[in-house]
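# Chain and residue survey
Residue strings, one per chain:
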Amino acid sequence: MNDRVEAGASQQPAAEPSPWNIPNALTVLRILMVPVFLVLLLAHGGDDVTTRWWALVVFLLAMLTDKIDGDLARKYNLVTNFGKIADPIADKSLMAAALIGLAVIMELPWWVPVIILVREFGITALRFFMIRIAVMPASRGGKIKTVLQTVAIGLFLLIFPLADIIPSVVYSILLVFAWIVMTAAIIVTLVTGIDYCVQAVKLYRESKSGGTDGDGSRA
């Protein structure tokens, strides 16, 4: 996620490509999939197995479009200002819908989405603010965080539909594993959030003291 922000910052094409391209179309599609996913997840209070399977399918397809549009944007230099804005909106909207939806149907406690989403939207706002000073690229920890969140949410979406299919022991093991992954995701989410704040303070102080030049690189 956010790969297009870094790609646009590093490549700096002479002329911005047209926003009418496949990566942006996939981003828009992902945004449109968010309400579809949420309706499927919340249908019948989250107790309908069929709609829960479809919710999982839509979630996985949406995450796949995120991978594809990022790869295409980098490979064919299709980075646009629209993509830089819409891509993180699509990503955060999908994650928010999944976490809040799982909390609404009481399969996650509310403190989980609160912690994750406060960090996600807070750091996104911070990065947009810091663009005037310097680009803050996604760290390796941030990418690990995204993978952990995706896997954890996928597991929680999967557990309910499997409940009547797999043995209770396997169900319990899967539930414990899902919580282990979610806990790891929360820890990495908090650690990377603190790291971004530290970077932002450092860059801000350097800009005030003349330590960075106009394009955000070190003088």
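This text goes with the structure placed above it.
The present account deals with the structure reproduced in this document. (Residues numbered from 1 in each chain as written. Predicted model: local features only at pLDDT ≥ 70, side-chain atom pairs only at ≥ 80, totals over all residues. Heavy atoms only, no water.)

## Quick word on the packing of aromatic side chains
This is how it is decided: Pairs were defined over the aromatic rings of Phe, Tyr and Trp, the Trp ring being its six-membered one, requiring ring centres within 6.5 Å. Orientation was assigned from the angle between planes: stacked under 30 degrees, edge-to-face over 60, tilted for the rest. Helix and strand assignments follow DSSP, with helices taken as H or I runs no shorter than four residues and strands as E runs no shorter than two, numbered in order from the N terminus. The buried label applies to any residue whose accessible area, calculated with a 1.4 Å probe on protein chains only, is under 20% of its type's maximum; exposed applies above 50%, and partly exposed to all values in between.
By the definition in use, this model includes two aromatic pairs. Centre to centre, the rings of F37 and F59 are 5.8 Å apart; their planes meet at 40 degrees, and the pair counts as tilted. Residue F37 is located in helix 2 (residues 22-42), and its partner F59 is located in helix 3 (residues 49-75); the two are separated by 22 residues in the primary sequence. Centre to centre, the rings of F156 and W179 are 5.3 Å apart; their planes meet at 85 degrees, and the pair counts as edge-to-face. Taken together, the positions of F156 in helix 6 (residues 140-162) and W179 in helix 7 (residues 168-208) put the pair 23 residues apart, joining distant regions of the chain. We classify F156 as buried; its relative accessible area is 3%.

## Concerning unusual backbone geometry
Even without glycine at this site, H44 takes up a positive phi of about 55 degrees. By secondary structure assignment, the location of H44 is in the loop between helix 2 and helix 3. Although it is not a glycine, M106 adopts a positive phi angle of roughly 60 degrees. With respect to the element layout, M106 can be found in the loop between helix 4 (81-104) and helix 5 (111-130).

## As for the nonpolar core
Using the following cut-off: To define a nonpolar core, start from buried Ala, Val, Leu, Ile, Met, Phe, Trp, Tyr and Cys residues and group those joined through side-chain atoms within 4.5 Å. The contact criterion used throughout is that any non-hydrogen atoms of two residues lie within 4.5 Å.
Residues F37, F59, L99, L102, I153, L157 and M182 are the most contacted members of the largest nonpolar core, which totals 36 residues. The set of elements that each furnish at least two residues to this core consists of helix 2, helix 3, helix 4, helix 5, helix 6 and helix 7. Excluding residues within four positions of it along the chain, L102 makes contact with L41, R52, E107, L108, I153, F156 and L157. Counting residues in each nonpolar core, the second largest holds eight residues, with I123, L126, M130 and L203 among its members.

## Here's the deal with the pattern of salt bridges
Heads up, the rule is: Salt bridge, as applied in this entry: a Lys or Arg side-chain nitrogen positioned within 4 Å of an Asp or Glu carboxyl oxygen.
Evaluated as defined, the whole model comprises 10 salt bridges. R30 is the salt-bridge partner of D87, the closest N and O atoms lying 2.7 Å from each other. Of this pair, D87 sits in helix 4 while R30 sits in helix 2; the two residues are 57 residues apart in sequence, bridging distant segments of the chain. A relative accessible area of 3% means that D87 is categorised as buried. Among the residues examined, R30 registers a relative accessible area of 0% and is labelled buried. Put simply, E107 and R52 hold a salt bridge, and the shortest N to O gap is 2.8 Å. Taken as a pair, E107 in the loop between helix 4 and helix 5 and R52 in helix 3 lie far apart in primary sequence, 55 residues in all. Bridged by salt links that share partners, the residues R30, D66, D69, D87 and D91 form one connected network.

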